[in-house]
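# Analysis of the macromolecular model
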Amino acid sequence: MEWVTEGSITTPEGFWAAGVACGIKATGRKDLAVVFSELPCVAAATFTTNKVKASHIFVSKENLRPQKAMVKAIVANSGNANCCTGQRGIEDAKRMCEIAAAELSAQRQVNVQPHEVLVASTGVIGIPLPMDKVEQGIKAAVEKLSRDGGREAAEAIMTTDTKPKFAALRLEINGKTVHIGGIAKGAGMIAPNMATMLCFIGTDACIGRKALQSALRYAVDRSFNSITVDGDTSTNDTVFVLANWISGSDEIQEGTQAFEQFRDALTALCQKLAKMIAADGEGATKLIEIRVTGAMSESEAKAVAMTVANSALVKTALFGNDPNWGRIAAAVGRSPARVKQETLTIRIGDFECFRNGEPVAFDKNAAHEWLKTSNEVVIGIDLGLGTASWTVWTCDLSEEYVRFNAEYTT
């Protein structure tokens, strides 16, 4: 497996993409993306578990029903979440699929039906989509589709992100070269359960829907479900993965080495994109990796890691370059996992602070200076109880996060 420099969702064979500005955002930044596959795709998805859901989730779930099966495109907008907009929101999401299908059919000279298009939105909640602008944006994006358009598509789904997020890799499966590439967005309202803010992945692998869904759930759980910026689960969280089979390899089936290769590669891609999201948290200055070992189960290891990752006291201490391991210990102790103080060990970077229930003397000034110069920090937590482990990624919490979100809609 190797990473593709500047790779994205258009790295796999047969995928095209574009991103344009159509006026949804007042800033004039790109705000509408289209992704298209030359061949029909098997598709899998995960969505937010928030009980308040964006309109696109209902429409995309319907288009993913088994009897509809194949997918040929994704259309997505930013700057407007199309959430809590009632029946009009549902109709607008359906209309986005209809417009994209019609434009793709006409301009690409292929037969695309509305149910073969997946739709997604992200942005401010509670405001109807300006459909006149959206329609013009879809037309412009379809005209601009390119095999090099992955980065522009990534830019077009950004909201508070400071940089576009894209990655791709290649590997050999069953004697054939297979590519997996994706784009993502997210910087705030990040505490996903089933997905992340938005992520679209393409692959030219030959894999069926059931196996693809299985691989995606495995990958998402270990990536997008293992990041947090602020503890808030979005109404719009969505991950799509499309497989167009262009690589021509034998079909990848569950229970085989080929499946494990594909699943692990998909997980690596999702983790890379997830870490980009955590590192780009609103106002963030540090990417924080929390590695929990010695737990009684993976679920308990993850519970500990997420409790620490969502602790405002831990996150603000790290923003202030304060090696305050006591805040970490307190967060571990209030997690729902089985924890024994006398077996607990904590490290911040290379500095061991607490071992088997006893404080460890360490150079706090040196730790402070190290934190000041580090934009990536690893916190090691060994529960000393079992063999299970889990890793979660988060970021520090700064004044800028508070300032930005205090003024988000005004």
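Position labels on residues start from 1 in each chain and follow its written sequence. In view of the model being predicted, local features appear only for residues whose pLDDT reaches at least 70, and side-chain atom pairs are presented and counted only at 80 or more, with totals across whole chains, interfaces and linings using the full set of residues. To get the side-chain values, all heavy atoms of the structure are used, and hydrogens and water are removed first.

## Some points on the nonpolar core
The biggest cluster of nonpolar side chains holds 39 residues, and the ones touching the most others in it are Ile 180, Ile 201, Leu 212, Phe 224, Ile 252, Phe 262 and Leu 266. Note on conventions: DSSP H or I runs of at least 4 residues are helices, E runs of at least 2 residues are strands, and numbering of each starts at the N terminus. Looking at this core, the elements with two or more residues in it are β3 (32-47), β6 (165-173), β7 (176-185), β8 (198-203), α5 (209-221), β9 (238-243) and α6 (257-279). Broken down by element, this core gets its largest block of residues, twelve residues, from α6. As used here, the term nonpolar core means buried Ala, Val, Leu, Ile, Met, Phe, Trp, Tyr and Cys residues forming a set that is joined through side-chain atoms within 4.5 Å. Exposed residues in this analysis have more than 50% of their type's maximum accessible area, buried residues have under 20%, and partly exposed residues fall in between, with area computed by a 1.4 Å probe over protein chains only. Membership of the second largest hydrophobic core comes to 34 residues, among which are Val 332, Ala 337, Ile 348 and Ala 388.

## Re helix α9 (residues 325-334)
Those residues of α9 not exposed but buried are Trp 325, Ile 328, Ala 329, Ala 331 and Val 332. The buried residues of α9 occupy one face: seen down the axis, they fall within an arc of 165°. Within α9, the exposed residues directed more than 90 degrees away from the buried face are Gly 333 and Arg 334. Throughout, the arc means the angular range of directions from the helix axis out to the C-beta atoms.

## So, the sheet that holds strand β10 (residues 287-295)
The sheet built from six strands is open, its strands ordered β13-β12-β11-β14-β10-β15 with mixed pairing. Each edge of the open sheet carries a strand with a single partner, namely β13 (358-359) and β15 (388-395). The criterion for strand pairing is that DSSP finds at least two bridges linking the strands in question. By the bridge criterion, two bridges tie strand β12 (residues 351-355) to β13 in an arrangement that is antiparallel. In the strand pairing of β13, Phe 354 is matched with Pro 359. The strands touched by α6 are β10 and β15; relative to β15, the strand with the most contacts, the crossing angle is about 45°. Two residues qualify as a contact provided that any one of their heavy atoms is within 4.5 Å of a heavy atom in the partner residue. Think of each axis as a best-fit line through the C-alpha atoms, taken over the contacting stretch in the case of a helix, with angles from 0 to 180 degrees between the N-to-C directions.

## Details of the environment of Pro 114
Along the chain, the position of Pro 114 falls in the loop between α2 (86-108) and β5 (117-124). The class for Pro 114 is partly exposed, based on a relative accessible area of 30%. Along the backbone, Pro 114 and Ala 73 are 41 residues apart, and their C-alpha atoms lie at a distance of 9.5 Å. Those residues in contact with Pro 114 that lie beyond four places of it in its chain are Asn 63, Cys 97, Glu 98 and Ala 101.

## Remarks on the pairing of β15
For β15, the tally of buried residues reaches six of eight residues, placing the bulk of the element in the interior. Taken together, the seven bridges between β10 and β15 define a ladder with antiparallel strand orientation. In the sheet register, Ile 288 faces β15, and the bridge partner there is Thr 394.

## Points about empty space enclosed by the protein
Here the term cavity refers to a set of points on a 1 Å grid, laid over the protein atoms alone, in which a 1.4 Å probe fits but cannot get out; the term pocket refers to an open set having protein on both sides within 12 Å along at least five of seven lines, with lining residues being those that place an atom within 4 Å of a point. Grid points are joined across faces, edges and corners, and a volume is the space filled by probe spheres set on the points. Under the defined criterion, the tally for this structure stands at one cavity of 30 Å³ or more. Of the pockets and cavities examined, the largest cavity occupies roughly 40 Å³. As for the largest cavity, its lining consists of Val 314, Ala 317, Leu 318, Asp 322, Pro 323, Asn 324, Arg 327, Ile 328 and Ile 348. Contributing elements (two or more residues each) for the lining of the largest cavity: α8 (312-319) and α9. In terms of residues, the lining of the largest cavity owes the most to one element, α8, which gives three residues.

## A few points about the state of the cysteines
A pair of cysteine sulfur atoms is labelled a disulfide when the two atoms are within 2.5 Å. Under the criterion given, the structure shown has zero disulfides. Unpaired in terms of disulfides, Cys 199 finds its nearest cysteine sulfur in Cys 270, a separation of 5.6 Å. Residue classification places Cys 199 among the buried positions, given a relative accessible area of 0%.

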